[in-house]
Every structure is written in structure tokens, then in C-alpha cells.
Amino acid sequence: MYPNMWKGRFAQATADLVQQYGESISYDWRLYKHDIAGSIAHARAQVKAELLTEDEFLQIESGLRSIEKDIDNGNFHFSIELEDIHMNIEAELTNRIGAAGGKLHTARSRNDQVATDTRLYCREQINIISSHLKDLQKALLDKAEQYAEALIPGYTHLQRGQPVTVGHHLLAYVEMLARDIDRLNDAKKRVNISPLGSGALAGSTINLDRNQIAAELGFDSITTNSMDAISDRDYIMELLFAFALIGTHLSRLSEDLILWCSSEFAFASLSDAHTTGSSLMPQKKNPDVCEITRGKTGRLYGNLVSLLTSAKGLPLTYNRDLQEDKEPLFDSIDTLIIALSVNTEMIADMTINVETCEAAASDPLLLATDLADYLVKNGVPFRSAHELVGKAVALSVQTSTPLDQLDLTQISSHYGADANDVFNLQTALASRTNVGAPSTQNVKDQISRWRNI
Ligand code: ARG
């Protein structure tokens, strides 16, 4: 049986229910590599401070490495009596190497230890999620390139507005994901700071070289207030927000695809591998991946709100409530990694029904704004042009005559014989050349810009 870490003060063993209630080992075991890296750096600083001999350090290091290997291989027994990953590893180290193991925790508390481990874990996961975001961007870019010239209506209020291309539409998501990557990189600056050496809350009377420890662990700097350092969970909340926003972006993409795959739109189809059938209706092919992504976004929001709420009433410094930071963090990361992976595959396999998209984009009403622009170019103030075109649209609706079939010169002398040339979709698209507008040339330029980032 492992020693109880605080046995000196207590006459009774911890109640079973308390152990079950308070344990975090069932989920925080995943911090083991970071915990071990942190302990090795901490032990090395103890050698420099002449608290450990070189030999004791080597025993600690090889003991920790053997524990790491056993956990890697699934050969480690985690025990809930030892609450969390920190105590499980430390107890087993002492079990394996004897007396030197009992020196490791000098000038350290689980409070600065857990903050260190979680920061290292977040840093690693930021890199993993960024790389998944890049993969999804790449899948979207490939589709945008394939359908750079495929016309499609652009919508506001889910009403057809103006023509764009599928390429332009998909590039909008590439932009969102780029901001997501940027946000994660920015958050990393606040994650990558070492709290080790802050102790339980007030540092220690034993001075270890905090900068040496930080450098060994790849931190950019060290925290400068011990009370803040051990109770700060801002960096997790910030990440949970960044993750929630990635969820928003994926959810909007999902909603677009759900609409596009409906028979009413019929703009896109997803592969059989990325859709599901109905147990009852034989004809069904459902965009479940999109719906699950839209649904899981709720969890990502919930995880953010959960931690904000857990932290909001806490006095300084550490309170056990803070242990509630890990499950939301782990859940958001797991949720996002699979969501990004499956969406990447699904987009890569998606096909666009170019003819249906183009037929929908060919509604001449989509070029009503272009007609107003034509009048402006002929010297009509925009407000009057808007009204004149509005009248033409009303006439078109009343007489069931498509807008491009009306004799516009009968409506106003401002329309020349060339007015109906406005209704050429290709010219209409090609003339949208402003930076950010959807001309095919612009879309192609944007695709090559993204490819070179
Ligand atoms: N498992 C704990 C957590 O995640 C580690 C810190 C425990 N500190 C303490 N004073 N009980 O928050």
C-alpha cells in the first residue's frame, strides 16, 4: 500500500466516498508526461541548489523515466487513494527508488505542479489543434480551387442576394480558421509561462533557479506573483473561448452544408462514407456529421461557461474548485480534434452540383444591384437608381416577366439600349474586382496567397 502523503496530521483514513468524490486521476492521468518532465527539471534545479546529489538526481530521473514507459505501455496501476497524477507518480517513484524519491517534492506544491503540467499540456494541444485547423483549411482551399468559377447565389437573410462563386464562399471559412489559428498562437504567449517555484501560494524559503527550470521546459518566461501563478486559470478560459469560437465557425459551415445538401437547394452532395441512412426511410441520406458538429458546439460553449462559473467566486489562492478546470479542457480538446478531422475528410470528399448552383445564380434579380450601379455610372444618384430599379423589379413581379426581359428604356430615359447587358453573369462577376470581392481572378489570387502562408 502506498503511503498517505499527509499521514502525519491525520488519525483517520480518508472515507471511500471522499476519495471517489475528490479523485482526479481518472482524467488527469493524461498529464503524466508533462508531470514527469516538470519533476525532472525541478530535480535538476535541486542539484544546482545542492539539495540533491548527482546520484540522487540520476535515480529520480531514471525512476521517472521507467514510470513514464510503464504508463506509455499501459502497465501502470493508477490508484484513487492517491487522488491525482502528481501523487500517483511521486508515490510510485518512492516505491521504486526509495529515499531519494522523498526529496523530490522539496520547495514544490501540487499547486504550482498542476499549473505547470496544465500549461505544458495546453501548449502541446495548441500545436495539435492548429495543425488540424491547417488541414481543414487545406481541404477547403482544394475545394475552393476546384470550384473557383462555379457560380452560386450569395445570401443575406437566407434570401438570394448577389452572385458569388463556390470558391469565394468556401474561402470565407478559410479566413475564419486563419483567425482561429492566430488566436491560439496569441493565447500561447500567455500559456507558455512557468509557475513552478510558486509553491503552495507563497514560494519557498528554499530558492531554486526558476529560470533554469523554465528554460529546460521550454517556457518563454516565469510568472512574477506566486499567488496569481497558482490560482490563475485565465489561460484555460481563454483557450476554451478560442475553442468555442472554432465551434461556432464549424457550426456555421455545417449549417451551410446542411442547406446545400437538402433537396430544396441541391447545391452539394456529401460522400456515402460521410453521411448516414435512415433505419426506416430507405431514400434518406442524412448529413449527420454536420448536425453532430453543430450539436457539439453546444458542449464547447458549455465547457467555457462551466470554468468561468467555477472560478468566479473564488478567494485567492488555490481552492479545490479549480480541479474542475480539467474535464472541460480535455473535453473541448477531444471534441475539437475529432470534429476537425472528420470535417476535413468530409469536405475533401464533397462534390458541388455546379449546374444547380449556376441555375440558382442565374436569377436576373440577383443583378438588380448591378442595374442600379449601371444607372449610377450614367449619372443617376444611387438613391434614385435604387428606386428606379425597385420599380422595374415590381413590374417584373406583377407581369411575371423576368427582369432581364423587360424593355427598361420604357421605364426611364436613364436606361440606354445597353442596359440589359448588365444581366451577363460572367461580366457581372468579372467586374467585382475590388480587394475581397468575388471576381474569379480575385478568388484565384486569394487561393495562391493562402497556399503560400
Ligand atoms: N488535483 C489537483 C487539481 O487538479 C492538484 C492540486 C491539489 N492541491 C491541493 N491543495 N489539494 O487541482
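Scroll up a little and you will see the structure.
Conventions we followed
- Residues numbered from 1 in each chain as written.
- Predicted model: local features only at pLDDT ≥ 70, side-chain atom pairs only at ≥ 80, totals over all residues.
- Heavy atoms only, no water.
- Helix = DSSP H or I, 4+ residues; strand = E, 2+ residues; numbered from the N terminus.
- Rg over C-alpha atoms; globule rule 2.2 N^0.38 Å.
- Buried < 20%, exposed > 50% of the residue type's maximum accessible area, 1.4 Å probe, protein only.
- Arc of directions from axis to C-beta.
- Contact = heavy atoms within 4.5 Å.
- Core = buried A, V, L, I, M, F, W, Y, C linked by side-chain atoms within 4.5 Å.
- Salt bridge = Lys/Arg side-chain N within 4 Å of Asp/Glu carboxyl O.
- Patch = residues over 30% accessible without salt bridge, like charges linked within 9 Å, V, L, I, M, F, W, Y side chains within 5 Å.
- Areas by Shrake-Rupley, 256 points an atom, 1.4 Å probe, with all protein chains shown as cover.
- Phe/Tyr/Trp six-rings, centres within 6.5 Å; stacked < 30°, edge-to-face > 60°.
- Lys NZ or Arg CZ within 6 Å of the ring centre and 35° of its normal.
- Axes fitted to C-alpha atoms, helices over the stretch in contact; angles between N-to-C directions.
- Parallel < 35°, antiparallel > 145°, perpendicular 65-115°, else oblique.
- Nonpolar A, V, L, I, M, F, W, Y, C, P; charged D, E, K, R; others polar.

Chemist: So what exactly am I meant to see when it comes to the overall build of the protein chain here?
Modeler: Counting secondary structure elements, the protein chain contains 17 helices and six strands. For 453 residues, the compact-globule estimate of 2.2 N^0.38 gives 22 Å, and the C-alpha radius of gyration of the protein chain, at 30 Å, exceeds that figure by more than 25%. On the principal axes, the C-alpha backbone points of the protein chain span a range of 100 × 55 × 40 Å. The buried share of the protein chain, reckoned over its 453 residues, is 48%.

Chemist: It is not clear to me how helix α13 (residues 354-361) should be interpreted in this structure. Could you clarify?
Modeler: An α-helical turn contains 3.6 residues, so a residue and the one three or four places further along point in the same direction. Listing the buried residues of α13 in full gives Cys357, Ala360 and Ala361. Projection of α13 onto a plane perpendicular to its axis shows the buried side chains occupying an angular sector of 100°, all on one side. Exposed side chains of α13 directed beyond 90 degrees from the buried face belong to Glu355 and Ala359. On its buried side, α13 packs onto β1 (151-156), β2 (159-165), α7 (166-191), β6 (351-352) and α16 (425-430).

Chemist: Explanation requested: the nonpolar core in the structure shown.
Modeler: For soluble globular proteins, nonpolar side chains are generally found buried alongside one another. Counting 86 residues, the largest nonpolar core has Ile60, Ile129, Leu184, Phe243, Ile246 and Trp260 as the members making the most contacts within it. Per element, the largest residue contribution to this core is 14 residues, and it comes from helix α10 (residues 234-261). Core analysis: the next-biggest nonpolar cluster, separate from the first, contains 23 residues, Leu151, Ala419, Val422 and Ala428 among them.

Chemist: Sorry if this is basic, but what is going on with the pattern of salt bridges here?
Modeler: If the charged atoms of two oppositely charged side chains come close together, the side chains can form a pair. Applying the stated criterion across every chain yields a total of 30 salt bridges. Residues Asp334 and Arg30 are paired through a salt bridge, measuring 2.8 Å at the closest nitrogen-oxygen approach. Taken together, the positions of Asp334 in helix α12 (residues 326-348) and Arg30 in the loop between α2 (25-28) and α3 (32-48) put the pair 304 residues apart, joining distant regions of the chain. Exposure remark for Asp334: the relative accessible area of 37% places this residue in the partly exposed category. A salt bridge links Lys326 to Asp325; the nearest nitrogen and oxygen atoms lie 2.8 Å apart. Residue classification places Asp325 among the buried residues on the basis of a relative accessible area of 1%. Because the salt bridges share partners, they merge into one network encompassing Lys33, Arg65, Glu68 and Asp72.

Chemist: Please clarify how a nonpolar patch on the surface should be interpreted in this entry.
Modeler: Residues Leu201, Met227 and Leu316 make up a contiguous nonpolar surface patch of about 280 Å² in total accessible area. Taking the relative accessible area as the measure of exposure, Leu316 reaches 61% and is therefore exposed.

Chemist: Looking at this structure, I do not really get the packing of aromatic side chains. What am I missing?
Modeler: To describe a pair of aromatic rings, you give the distance between the ring centres and the angle between the ring planes. A full pass over the atoms with the stated rule returns six aromatic pairs. Considering the side-chain rings of Phe76 and Phe78, the 5.0 Å spacing of their centres and the 55° angle between planes classify their relative orientation as tilted. Of the residues examined, Phe78 reaches a relative accessible area of 24% and is grouped as partly exposed. Within the aromatic cluster, the residues linked to one another by ring pairs are Tyr155, Trp260, Phe265 and Phe267. Directly above the aromatic system of Phe10 lies the positively charged group of Arg9, at a separation of 5.8 Å from the ring centroid. The lysine or arginine in question, Arg123, covers the ring of Phe219, its NZ or CZ lying 5.6 Å from the ring centre.

Chemist: So what exactly am I meant to see when it comes to the packing of α3 against helix α4 (residues 54-72) here?
Modeler: How two helices sit against one another is set out by the angle between their axes and by the gap between those axes. The contact between α3 and α4 brings their axes to 10 Å, and the two run at 175°. Here α4 runs roughly antiparallel to α3, going by the angle between their axes. Contacts between α3 and α4 pair Tyr32, Lys33, Ile36, Ser39, Ile40, Ala43, Arg44 and Val47 from the former with Glu54, Phe57, Ile60, Glu61, Leu64, Arg65, Ile67, Glu68, Ile71 and Asp72 from the latter. Along the lines of polarity and charge, the residues of the contact of α3 with α4 split into ten nonpolar, one polar and seven charged.

Everything listed is a geometric property; what it means functionally is a separate question.
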